[in-house]
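# Commentary on secondary and tertiary structure
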Amino acid sequence: MSRVNYNRRKFLRIGAAGAAGAIVLKGSAAAVSDMQDNNIATRILGRTNIKIPVISFGVMRADSPALCRAAWENGIRLFDTANVYQNGNNESMLGNLFKDLPRDSFMIETKVKPSGVGQNGLPTSQTTTDDFLTKFKTSLSRLKLDYVDFLLVHDVSTPEMLNHKPLIAALSRLKKEKKTRFVGFSTHNNMAGVIRAASESGFWDVILTSYNFRLPNISEMNEAVEKAASAGIGIIAMKTLAGGAFLDKEKTKPVNTTAAIKWALSNPNIHTTIPGMTTFDHLTSNLAILKDPVLNENEKKDLITMAAEPGMYCIGCNQCLETCRLRLPVPDLMRAYMYAYGYSNGRMAYDLLGSLGTGAAPCVNCNSCTVKCTNNFNVKEKISDVSRLVNMPSEFIA
Ligand code: SF4
Ligand code: SF4
């Protein structure tokens, strides 16, 4: 799709004209019934009973308060951040923006990553109540809020994490003290498994899950999501673009981002999505989805074309874990690659590589790669491309 660089002034002019224009819906009756309040498509977020626009704001990479404010002015209500994003500056930006706005006019979702979780996704003795509470206290102070709307455990990949008593104790206490209205978790790996487990527990109000047209186990995912939604859990989709705005490192093959987001919304059990936005151009295209959330024929064709390319999104199937001769954390390295080349965010890639400790050339002594990626990634090449970042001085990484 074409990309135009809008500045804020131009954005507001176009936004106002769009709001006055007639809305023509194509598609199913179910989608039409989404349309409420000023022709903004909304859904009910599970047992929270919140009527939420189908587009929310993934703030992770955004650093423009003006962009976030413009989203709020144009009807976006939920802003998703995390304790670790931009070393806390992401939460601070939102705190400074929203401190003077009516508290019932926006919702904040933040995520706290518990300490001591191993690469196998299991909690350890370091995964404690106090650790979680301390991190959340910092988040609340950066956000300049008395409470958040949604507090999520960041990056859950095993049912054991969902049942870890110290975490349940922390979340229960914060809910009782009204420091959070609702509790949930985010999941990027083994999503169907943890979503099924959450559906049976009765504890979780919302789930933030990877969900996109590239997932290989989409039938299993849809069943899990349906089970969770039927149990009253609000479902929020992330990673809907499946790896960023381009399919290739050279940026010659753009993703039809509108088609990708609308595809996620074609499942009525997905209650809202949190596409990442860093420009007014991104915001403009996503606001258009609020007015017309149904896939058209051209978008369906683009989805088929995009799905035929491997893209830059590691689907998190973990099939490669045991196949690397050196037992490298290949899915994490592929995630670093996606950050660097899909999201154009060298800082996130650099920080992730640093935490992995795999160095600047992890494959250098390995002559033939034994990893068979189910997504047909040339794993050795991608690891080599992204690992070079480690040698860059930190101050040069944007
Ligand atoms: S080339 Fe790299 S990824 Fe492939 S098997 Fe060797 S160490 Fe593992
Ligand atoms: S096999 Fe490929 S897609 Fe699956 S986790 Fe490994 S790198 Fe990712």
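Parameters at a glance
- Residues numbered from 1 in each chain as written.
- Chains lettered and ligands numbered in written order.
- Predicted model: local features only at pLDDT ≥ 70, side-chain atom pairs only at ≥ 80, totals over all residues.
- Helix = DSSP H or I, 4+ residues; strand = E, 2+ residues; numbered from the N terminus.
- Rg over C-alpha atoms; globule rule 2.2 N^0.38 Å.
- Buried ≥ 20, exposed ≤ 12 C-beta atoms within 10 Å, placed from the backbone.
- Near = placed C-beta within 6 Å.
- Nonpolar A, V, L, I, M, F, W, Y, C, P; charged D, E, K, R; others polar.
- Core = buried A, V, L, I, M, F, W, Y, C linked by C-beta atoms within 7 Å.
- Domains from an automatic or database assignment.
- Contact = placed C-beta atoms within 7 Å.
- Pairing = 2+ DSSP bridges.
- Right-handed = clockwise from strand over helix to strand, strands pointing away.
- Arc of directions from axis to C-beta.
- Axes fitted to C-alpha atoms, helices over the stretch in contact; angles between N-to-C directions.
- Parallel < 35°, antiparallel > 145°, perpendicular 65-115°, else oblique.
- Left-handed = near helix turned anticlockwise from the far one by under 90°.

Further remarks concern the overall build of the protein chain. Helices and strands together make up the secondary structure of the protein chain, namely 15 helices and 11 strands. The C-alpha radius of gyration of the protein chain comes to 20 Å, within 12% of the 21 Å expected for a compact globule of 398 residues. Across its three principal directions, the C-alpha atoms of the protein chain cover 60 × 50 × 45 Å. Relative to its 398 residues, the protein chain shows a buried fraction of 46%.

Looking at ligand 1, there are 13 residues lining it, with Cys324, Cys363, Cys366, Cys369 and Lys380 nearest. Among the elements that take part in the shell around ligand 1, helix H15 (residues 379-387) stands out by supplying 3 residues, more than any other. Of the residues assigned to the shell around ligand 1, the class counts are 10 nonpolar, 1 polar and 2 charged.

Around ligand 2 lies a shell of 14 residues, among which Cys314, Cys317, Cys320, Cys373 and Asn375 are the nearest. The residue inventory of the shell around ligand 2, partitioned by class, reads 9 nonpolar, 5 polar and no charged.

Counting residues in hydrophobic clusters, the biggest one holds 117 residues, and the most contacted among them are Ile207 and Ala349. With 9 residues, helix H13 (residues 330-342) is the largest single contributor of residues to this core. Taken domain by domain, the makeup of this core includes at least three residues from each of domain 1 (26-306) and domain 2 (330-396). Apart from the residues lying within four places of it in its own chain, the contact partners of Ala349 are Ala336, Tyr339, Ala340, Val386 and Leu389.

Now for the sheet that holds strand E10 (residues 234-238). An order of E4-E5-E6-E7-E8-E9-E10-E11 is seen for the 8 strands of this open sheet, with the pairing classed as parallel. Each edge of the sheet is formed by a strand with only one pairing partner; in this case those strands are strand E4 (57-58) and strand E11 (272-273). With 4 bridges connecting them, strand E8 (residues 180-187) and strand E9 (residues 206-210) associate as parallel partners. Bridge pairing in E9 links Thr187 to Thr209.

Let us look at the pairing of E9. The buried fraction of E9 amounts to 5 of the 5 residues, a majority that puts the element mostly inside the structure. Burial along E9 is two-sided: the residues Val206, Leu208 and Ser210 and Ile207 and Thr209 are all buried. In this region the chain leaves E8, passes through helix H8 (residues 191-201) and returns to the parallel neighbour E9; the handedness of that crossover is right-handed. Alignment of E9 against E10, held across 5 bridges, turns out to be parallel. When the sheet's bridge partners are listed, Leu208 is paired in E10 with Ile236. The parallel pair E9 and E10 is bridged by helix H9 (residues 218-230), and the resulting crossover is right-handed.

Every buried residue of helix H14 (residues 346-356) is listed here: Met348, Ala349, Tyr350, Leu352 and Leu353. Residues of H14 that are buried make contact with H13 and H15. A positive backbone phi angle near 65° is found at Gly357, which sits one or two residues after H14.

Moving on to unusual backbone geometry. Not every positive phi belongs to a glycine, and Asp155 is a case in point at roughly 70°. By the element assignment, Asp155 lies in the loop between strand E7 (148-153) and helix H6 (159-162).

Residues of helix H3 (residues 65-73) that are buried include every one of Leu67, Cys68, Ala70 and Ala71, and no others. Seen from one end, H3 has its buried residues packed into an arc of 160°, which puts them on one side. Along H3, the residues that are exposed and aim more than 90 degrees away from the buried face are Ala66 and Glu73.

Moving on, we get to the pairing of strand E2 (residues 40-44). For E2, a buried count of 4 out of 5 residues is recorded, marking the element as mostly surrounded by other parts of the structure. A loop of 6 residues connects E2 with strand E3 (residues 51-53), the two strands running antiparallel in sequence, and Gly46 in this loop sits at a positive phi of about 55°.

Here we come to the environment of Arg347. Within the secondary structure layout, Arg347 lies in helix H14. Taking the number of C-beta atoms within 10 Å as the measure of exposure, Arg347 has 16 and is therefore partly exposed. When the C-alpha positions of Arg347 and Leu94 are compared, they lie 20 Å apart, and in sequence the two are 253 residues distant.

Once that is clear, we can look at the domain arrangement of the protein chain. Per the domain assignment, the segments making up the protein chain are domain 1 (26-306) and domain 2 (330-396). Just the C-alpha atoms count here: the centres of domain 1 and domain 2 sit 26 Å apart. Contacts between domain 1 and domain 2 engage 6 residues on the former and 6 residues on the latter. Residue composition of the side of domain 1 that touches domain 2, by class: 2 nonpolar, 2 polar and 2 charged.

Let us now look at the packing of H3 against helix H4 (residues 89-98). Running from N to C, H3 and H4 point in directions that differ by 55°, and their axes come no closer than 10 Å. As judged from the angle between their axes, H3 and H4 are oblique. Every pair of crossing elements has a handedness; the one defined by H3 and H4 is right-handed. Between H3 and H4, the contacting residues are Pro65, Cys68 and Arg69 on the first element and Met93, Leu94, Asn96 and Leu97 on the second. Split into classes, the residues belonging to the contact of H3 with H4 amount to 5 nonpolar, 1 polar and 1 charged.

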